[in-house]
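Architecture at a glance
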2 protein chains.
Amino acid sequence: MVSYAIHVRVAELSRRSGVPVPTIKYYLREGLLPAGEFSSPNQARYGERHLRRLQLIRALLEIGRLPIVAIKDVLSDVDRPNPDIHYTLGKALMRVAGGPGTTDEAAVAEVDEFIAERGWLVGPDAPARQALAEVVSALRVLGHEAQVERLDDYAAAAQRMAEVDLEITGRHSDPDEIVYSALIGTVLGDAMIVALRHLAQEDASARTFGLSTAPEC
Amino acid sequence: MVSYAIHVRVAELSRRSGVPVPTIKYYLREGLLPAGEFSSPNQARYGERHLRRLQLIRALLEIGRLPIVAIKDVLSDVDRPNPDIHYTLGKALMRVAGGPGTTDEAAVAEVDEFIAERGWLVGPDAPARQALAEVVSALRVLGHEAQVERLDDYAAAAQRMAEVDLEITGRHSDPDEIVYSALIGTVLGDAMIVALRHLAQEDASARTFGLSTAPEC
C-alpha cells in the first residue's frame, strides 16, 4: 500500500481521482467515502485513503459494473474491523457474481455433483453454483454438450488461475488489504481472463483455420 | 446437429422455444429469423432450424448480453454461404468482446509486447487487445501490479482453455456449424470460466483463510 500522505481539498481530490466533485459529494453523503478532516467548518481535507477508495469505487462501477447499492454493501464489509476474511470475500464475490440463476434442477444437481467430485470447498449458496448451472443448462439446450463434457479440463485451468489469485492475495497480512486485493483481483481478473481467452482463441483459430483458407502471401 | 424435422405453427414454435409470439414476429420482420414455409397465404410453418435460431438468439441476448443490432450483424455473417471462418469468428468475437477500450497508451504498448512475446497470432484491431489493456491500466492505477506480473501464468491457463475450445469447434466440418459452435462456446464459455474461477477461488480461500478463522465443528 502506498503510504505517503496527501492532504488536499475536494477540488484537488477530484482532479487526482478523475471523479467529478458532485459525485464525490454524493459518495460522502451516501457513506461510500469516509468524511475528510475539517481544518475549519467549511474546509475539509482529504488524504491517500480517500484517493484509493475513489479508485476502488470507480473500478467496481466501471469494470465490475456493480450497482451503487451493492458497492455500498461491499465497502461496509471491507471497512468492518477485523473482518472474517473468508466470509467477507464470499459475500463480496456473491455481489460480483450475482446473476438470474436457473430453474433447471437437473443442471443444478449436475453442478453440485461436479463440485463434490472435484472436492472443492464451496458453500451451498455460492452464486457461482447457480451461474455455472445456468451455463450448463443453456449449453445443453443449444446442443453444445461437448463443452459440458470438457468441464474438468476447464476447471483444471480455472483452478490454476485461482491458485495464482490466492498467491497474490495471500501476500498481504492486513485483513483490509486482503479483501481489497481479492475484490480488485476478482472483478478485474474476470475481465482479464476473458480477454486472455479471446486472444488465445484468435491465435488458435488462426492456426487451425486461418492458414487453410487465406491465400499465402 | 439435430436433424429431425418439425413443422409447426408460430404458437407451437413459441411454446417450444419459450420466446413469445410477438417477439418471434419482431425477429421475422427484422430478418433475424428466416421466414417460415407458407402452406397457405396466412399459415406459415416453422422447422428445426427456426427453433435452433431462436435458441441462439436467446443465448446471445440473455447470456452474451449483445444488443439486437449486434446479433443481427453476427447472424448475417453466420448465414453467408461459405463464410471465411477465421474472419467471421473474429468479427463475431469482436461484437461479444466490444468494450470502451482505454486511452492508456503505455498499457496498450505493454499488451502488444506481451502478445508478441507469447507469439500469439492476433490481429492489430482485436478488441481483446483493448480490453486487456484496459484491465492492465486499471490494475496499475489501483496498485495491483502483482496481477500484471503474473500475466504469463494466467495466459498459460487461458491458452489451455482456448485449446479445448478449438478442439470442440474443430469437430465440425460444416462452416455454419463451426461459427455457431464458436459463438456459443465463446459467449457461454466466458460465463462458464468466470463461474469456475469463482468456485475455485472460494475453495482456495477456504483452504487458505477459512480453517484458521472458523471454529471447528
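Residues numbered from 1 in each chain as written. Chains lettered and ligands numbered in written order. Predicted model: local features only at pLDDT ≥ 70, side-chain atom pairs only at ≥ 80, totals over all residues. Heavy atoms only, no water.

1. Thoughts on the overall build of chain A
Secondary structure assignment for chain A yields ten helices and two strands. Reading chain A from its N end, one meets helices and strands in the order α-α-β-β-α-α-α-α-α-α-α-α. Classification of the 217 residues of chain A by burial places 51% in the buried group. Restricting to contacts in chain A with at least 6 residues of sequence separation, those with at least 24 account for 58%. In the form shown here, chain A has an accessible surface area of approximately 10,300 Å², with 52% of it arising from carbon and sulfur atoms. (Helix = DSSP H or I, 4+ residues; strand = E, 2+ residues; numbered from the N terminus. Buried < 20%, exposed > 50% of the residue type's maximum accessible area, 1.4 Å probe, protein only. Contact = heavy atoms within 4.5 Å. Areas by Shrake-Rupley, 256 points an atom, 1.4 Å probe, with all protein chains shown as cover.)

2. What about the relation of the copies chain B and chain A?
The two copies are related by a screw motion: chain B maps onto chain A through a turn of 180° and a shift of 0.0 Å along the axis, at an RMSD of 0.0 Å. Seen this way, the second copy is the image of the first under a two-fold rotation axis. Proximity to the rotation axis, assessed at the C-alpha, singles out Ala157(B) in chain B; its C-alpha lies 2.5 Å from the axis. Taken as a fraction of all interface residues of chain B, those also at the interface in chain A reach 100%, which identifies the copy contact as same-surface. (Least-squares fit on C-alpha atoms with pLDDT ≥ 70 in both.)

3. Observations regarding the interface of chain B and chain A
Counting residues at the interface gives 82 residues for chain B and 83 residues for chain A. Close ionic contact of Arg197(B) with Asp165(A) constitutes a salt bridge, the shortest N to O distance being 2.8 Å. Scanning the region where chain B abuts chain A turns up 22 residue pairs in polar contact (both at pLDDT 80 or more). Of all elements in the fold, only helix H3 (48-63), helix H5 (85-97), helix H6 (105-118), helix H7 (127-141), helix H8 (145-149), helix H9 (151-169) and helix H10 (175-213) of chain B reach the threshold of two or more residues within the side of chain B that touches chain A. Sort the elements by how many residues they give to the side of chain B that touches chain A and H10(B) lands first, with 30 residues. A per-class count over the side of chain B that touches chain A returns 48 nonpolar, 19 polar and 15 charged. (Salt bridge = Lys/Arg side-chain N within 4 Å of Asp/Glu carboxyl O. Polar contact = N/O pair within 3.5 Å; in protein donor to acceptor, adjacent residues only side chain to side chain. Nonpolar A, V, L, I, M, F, W, Y, C, P; charged D, E, K, R; others polar.)

4. A look at the side chain of Gln55(B)
Following the sequence through the fold, Gln55(B) ends up in helix H3. Not counting residues up to four positions away in its chain, the partners in contact with Gln55(B) are Val141(A) and Leu142(A).

5. Some remarks on the pairing of strand E1 (residues 37-40) of chain A
Residues and elements named next belong to chain A. Alignment of E1 against strand E2 (residues 43-45), held across three bridges, turns out to be antiparallel. Counted as the bridge partner of Phe 38 is Ala 44 from E2. Linkage of E1 to E2, two consecutive antiparallel strands, is achieved through a turn of two residues. (Pairing = 2+ DSSP bridges.)

6. Some words on the packing of helix H9 (residues 151-169) of chain A against H9(B)
To characterise two packed helices, one gives the angle between the axes of the helices and the distance between these axes. Across the interface, H9(A) lies against H9(B) with an axial gap of 9 Å and an inter-helix angle of 170°. Taken together, the axes of H9(A) and H9(B) are roughly antiparallel relative to one another. Every residue of H9(B) that contacts H9(A) at Asp153(A), Tyr154(A), Ala157(A), Ala158(A), Arg160(A), Met161(A), Val164(A), Asp165(A) and Ile168(A) is listed here: Asp153(B), Tyr154(B), Ala157(B), Ala158(B), Arg160(B), Met161(B), Val164(B), Asp165(B) and Ile168(B). Here the contact of H9(A) with H9(B) is built from residues that sort into twelve nonpolar, no polar and six charged. (Axes fitted to C-alpha atoms, helices over the stretch in contact; angles between N-to-C directions. Parallel < 35°, antiparallel > 145°, perpendicular 65-115°, else oblique.)

7. A short note on the packing of aromatic side chains
All names here are of chain A. Tallied over the entire structure, the rule returns four aromatic pairs over all chains. Between Phe 114 and Trp 120, the ring centres sit 6.3 Å apart and the planes meet at 85°, which makes this aromatic pair edge-to-face. Trp 120 shares its class with Phe 114; the two are buried. (Phe/Tyr/Trp six-rings, centres within 6.5 Å; stacked < 30°, edge-to-face > 60°.)

8. Observations concerning the side chain of Gln147(B)
For Gln147(B), the location among the structural elements is in helix H8. Given the relative accessible area of 1%, Gln147(B) is considered buried. If we skip the residues at most four places from it in the chain, Gln147(B) touches Asp165(A), Ile168(A), Gly185(A), Gly189(A), Met192(A), Leu139(B), Tyr154(B) and Arg197(B).

9. Examining the pattern of salt bridges
Residues and elements named next belong to chain A. All chains considered together, the criterion is met by 24 salt bridges over all chains. With a shortest N-O distance of 3.0 Å, Arg 15 and Glu 12 are connected by a salt bridge. Note that Arg 15 and Glu 12 are positioned in helix H1 (residues 10-17) at a spacing of three residues, about one turn of the helix. A salt bridge links Glu 110 to Arg 140; its shortest N-O distance comes to 2.6 Å.

10. Quick word on the confidence of the model for chain A
All names here are of chain A. Averaged over all residues, the pLDDT of chain A is 81; the fraction at 70 or higher stands at 82%. Low confidence marks residues 211-217, where pLDDT is under 50. Its contacts with residues over four positions away, or in another chain, come to two contacts. For this predicted complex, the interface score ipTM comes out at 0.71, alongside a pTM of 0.71. (pLDDT = per-residue confidence, 0-100.)

11. Side note on the environment of Ala162(A)
Here Ala162(A) lies in helix H9. Those residues within four positions of Ala162(A) in sequence are excluded, and the remaining contacts are Arg197(B), Ala200(B), Gln201(B) and Ala204(B).

12. With respect to helix H7 (residues 127-141) of chain A
All names here are of chain A. Here H7 contains 15 residues, and its C-alpha end-to-end distance of 21 Å stays within 8% of the 21 Å for a straight helix at 1.5 Å per residue. With eleven of 15 residues buried, H7 lies mostly within the body of the structure. Within H7 the residues assigned to the buried category are Pro 127, Ala 128, Arg 129, Ala 131, Leu 132, Ala 133, Val 135, Val 136, Ser 137, Ala 138 and Leu 139. Following H7 by one or two positions, Gly 143 adopts a phi angle in the positive range, close to 70°. (Expected span 1.5 Å × (residues − 1).)

13. Focus on the environment of Val187(A)
Summarising the element assignment, Val187(A) is placed in helix H10 (residues 175-213). Here the alpha-carbon distance between Val187(A) and Leu54(A), two residues 133 residues apart in the chain, equals 16 Å.

14. A word on the environment of Leu61(B)
Residues and elements named next belong to chain B. Mapped onto the elements of the fold, Leu 61 is located in helix H3. Owing to a relative accessible area of 28%, Leu 61 belongs among the partly exposed residues under this scheme. Taking the C-alpha atoms as reference, Leu 61 lies 17 Å from Asp 77; in sequence the two are 16 residues apart.

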